[in-house]
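Topology and contacts: notes
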Amino acid sequence: MSEAKSTPKKPKEPFPGAYYLAGAITLALMLLFMVLGATLPLGAAGFLVAFVLGLTVNPKYVPFFFVAGVFSAVMGFWGQEPQVAWGGVALALSQVLVKRLNRTG
């Protein structure tokens, strides 16, 4: 019996350097949101950053992030922390949007 040599398949890039380009775009977007978050008023910064990051959540974790958003909103408004409060509102809204737009489940 001969043993077939199994070599792990390397994922094929859409074009050479695609993963490096994706990494550069990701870093640029992170820097953009850091600058925006630092220059906007607290409530707007919390809303913007949490909403955009909430859109990247895996759909199977939506219920957990929704609960975290509602909890953050309640605690933020209760403790008079606008960045936390509006970030929680944005996180909950983004999870509703992710759940609604998800076609796999």
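Overview of the structure.

Cut-offs and rules
- Residues numbered from 1 in each chain as written.
- Predicted model: local features only at pLDDT ≥ 70, side-chain atom pairs only at ≥ 80, totals over all residues.
- Heavy atoms only, no water.
- Helix = DSSP H or I, 4+ residues; strand = E, 2+ residues; numbered from the N terminus.
- Rg over C-alpha atoms; globule rule 2.2 N^0.38 Å.
- Buried < 20%, exposed > 50% of the residue type's maximum accessible area, 1.4 Å probe, protein only.
- Axes fitted to C-alpha atoms, helices over the stretch in contact; angles between N-to-C directions.
- Parallel < 35°, antiparallel > 145°, perpendicular 65-115°, else oblique.
- Left-handed = near helix turned anticlockwise from the far one by under 90°.
- Contact = heavy atoms within 4.5 Å.
- Nonpolar A, V, L, I, M, F, W, Y, C, P; charged D, E, K, R; others polar.
- Polar contact = N/O pair within 3.5 Å; in protein donor to acceptor, adjacent residues only side chain to side chain.
- Patch = residues over 30% accessible without salt bridge, like charges linked within 9 Å, V, L, I, M, F, W, Y side chains within 5 Å.
- Areas by Shrake-Rupley, 256 points an atom, 1.4 Å probe, with all protein chains shown as cover.
- Salt bridge = Lys/Arg side-chain N within 4 Å of Asp/Glu carboxyl O.

1. As for the overall build of the chain
Scanning the chain from terminus to terminus reveals four helices and zero strands. Counting from the amino terminus, helix and strand elements in the chain follow one another as α-α-α-α. In terms of overall size, the chain is more extended than a compact globule, its C-alpha atoms giving a radius of gyration of 20 Å where 105 residues would be expected to give roughly 13 Å. Referenced to the eigenvectors of the C-alpha coordinate spread, the extents of the chain come out at roughly 70 × 30 × 20 Å. Looking at the chain residue by residue over its 105 residues, the buried ones come to 19%.

2. Quick notes on the packing of helix H2 (residues 42–54) against helix H4 (residues 82–101)
Put simply, H2 and H4 touch, their axes get as near as 7 Å, and they point 30 degrees apart. In terms of orientation, H2 and H4 fall into the roughly parallel class. Relative to H4, H2 is oriented so that their crossing is right-handed. Facing Leu-42, Gly-43, Ala-45, Gly-46, Phe-47, Ala-50, Phe-51 and Gly-54 of H2, the residues of H4 in contact are Pro-82, Gln-83, Trp-86, Gly-87, Val-89, Ala-90, Leu-91, Leu-93, Ser-94, Gln-95, Leu-97 and Val-98. For the contact of H2 with H4, the per-class residue count stands at 13 nonpolar, seven polar and no charged.

3. Here's the deal with the side chain of Ser-94
Following the sequence through the fold, Ser-94 ends up in helix H4. Among the polar contacts listed, one links the side chain of Ser-94 to the backbone oxygen of Leu-91, at a separation of 2.8 Å.

4. Things to note about the environment of Gln-83
You can see Gln-83 is positioned in helix H4. Residues Gln-83 and Thr-56, 27 residues apart in the sequence, show an inter-C-alpha distance of 20 Å. Setting aside residues up to four positions removed in sequence, Gln-83 forms contacts with Leu-42, Gly-43, Ala-45 and Gly-46.

5. Focus: the side chain of Gln-95
Relative to the helices and strands, Gln-95 is located in helix H4. Classification of Gln-95 as buried rests on a relative accessible area of 1%.

6. A look at a nonpolar patch on the surface
A contiguous nonpolar patch, built from Phe-66, Val-67, Val-70, Phe-71, Val-74, Met-75, Trp-78 and Val-96 and spanning about 820 Å² of accessible area, is present on the exposed surface. Ranked by the residues each element gives to the nonpolar patch, the list is headed by helix H3 (residues 62–78), at seven residues. Mapped onto the elements of the fold, Val-74 is located in helix H3.

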